[in-house]
Amino acid sequence: MLFNSYSERTKCPECHARVKLEDVKLARTFPCPHCGATVEVSDAYQRTMTWTVAILALLIPYLLGIRSWLVLALLWCPSMFILFFLWAYAGKYLLPPKLVRSVVDRPRFWVSVQGHDRRVTQASWRIGCTSGIFP
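About the cut-offs
Residues numbered from 1 in each chain as written. Predicted model: local features only at pLDDT ≥ 70, side-chain atom pairs only at ≥ 80, totals over all residues. Heavy atoms only, no water. Phe/Tyr/Trp six-rings, centres within 6.5 Å; stacked < 30°, edge-to-face > 60°. Lys NZ or Arg CZ within 6 Å of the ring centre and 35° of its normal. Helix = DSSP H or I, 4+ residues; strand = E, 2+ residues; numbered from the N terminus. Polar contact = N/O pair within 3.5 Å; in protein donor to acceptor, adjacent residues only side chain to side chain. Axes fitted to C-alpha atoms, helices over the stretch in contact; angles between N-to-C directions. Parallel < 35°, antiparallel > 145°, perpendicular 65-115°, else oblique. Left-handed = near helix turned anticlockwise from the far one by under 90°. Contact = heavy atoms within 4.5 Å. Nonpolar A, V, L, I, M, F, W, Y, C, P; charged D, E, K, R; others polar. Pairing = 2+ DSSP bridges. Core = buried A, V, L, I, M, F, W, Y, C linked by side-chain atoms within 4.5 Å. Buried < 20%, exposed > 50% of the residue type's maximum accessible area, 1.4 Å probe, protein only.

Trainee: How would you explain the packing of aromatic side chains if you had to name every residue and give the values?
Mentor: The geometry of two aromatic rings is summed up by the distance between their centres and the angle between their planes. Within this structure, the stated rule accounts for 1 aromatic pair. One residue, R67, lies across the ring of Y62, its end atom 4.2 Å from the ring centre.

Here it is, written out as C-alpha cells:
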C-alpha cells in the first residue's frame, strides 16, 4: 500500500480510537465510525490547507510560464478547485489532519448575542459555549 490508512493525529477525541484516513471528511463535521461522536478537522489544519492551496493555485501556473496577471487571475479559481480536490483525497495522507470535538448545531459565522448579531469563528464559538457566553 502506498499510503498508511491510519495516523496518530486522526484519533477520535471522545473514544481515542484510531480513525481511518478514508473516513476523515474535510467537510464541516462527521461521525466517528467507532463511537458515533461528532468530530471535525481542526481549524488550524483547515486554515493551513486553505492558504497552501490558495498560494499554490497562483504559484503553479506562474512557474509553468504564465506571466500575465489577468490570465493568472482567471486561472486561480479553477486551479484552487483542482488543488482542493487533490488535497481532500491525497493530501490528507501526506499531512494527516488533527481531529477535534465538534459542537453540534452551531452557526458557522453569525450568532445573535443579547439582540446583537456578531461574527464568530469556530474557536471563539467553542470558548463561548464552554464559558456560558453563547447558549
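Trainee: Could you give me a rundown of the environment of T48, with the residues and numbers involved?
Mentor: Residue placement: T48 occurs in helix α1 (residues 43–63). At 2.8 Å, the side chain of T48 and the backbone oxygen of A44 are in polar contact.

Trainee: Pulling in residues and values, what's your account of the packing of α1 against helix α2 (residues 69–94)?
Mentor: Where α1 contacts α2, the axes come no closer than 8 Å and their chain directions differ by 130°. Classed by the angle they form, the pair α1 and α2 counts as oblique. In this structure, α1 meets α2 at a crossing whose hand is right-handed. Note on element contacts: α2 touches α1 through L72, L75, W76, S79, M80, L83, F84, W87, G91 and K92, opposite Y45, M49, T50, T52, V53, A54, L56, A57, L58, I60, P61 and Y62. Of the residues assigned to the contact of α1 with α2, the class counts are 17 nonpolar, 4 polar and 1 charged.

Trainee: Account for the sheet that holds strand β3 (residues 99–101), naming residues and giving values.
Mentor: In space, the 3 strands of this open sheet follow the order β1-β2-β3, with antiparallel pairing throughout. Each having just a single partner strand, β1 (30–31) and β3 make up the two edges of the open sheet. Note that β1 and strand β2 (residues 38–41) share 2 bridges and pair antiparallel. Bridge pairing in β2 places F30 opposite V39.

Trainee: Describe the nonpolar core, listing the residues and the values that go with them.
Mentor: Ranked by internal contacts, the top residues of the largest apolar core, which has 16 residues, are V24 and L99. Elements with a contribution of two residues or more to this core: β2, α1 and α2. Among the elements that make up this core, the one with the highest residue count is α1 (5 residues). The residues touching L99, leaving out its near neighbours within four places in the chain, are R9, T10, K11, P13, V19, V24, F30, E40 and V41.

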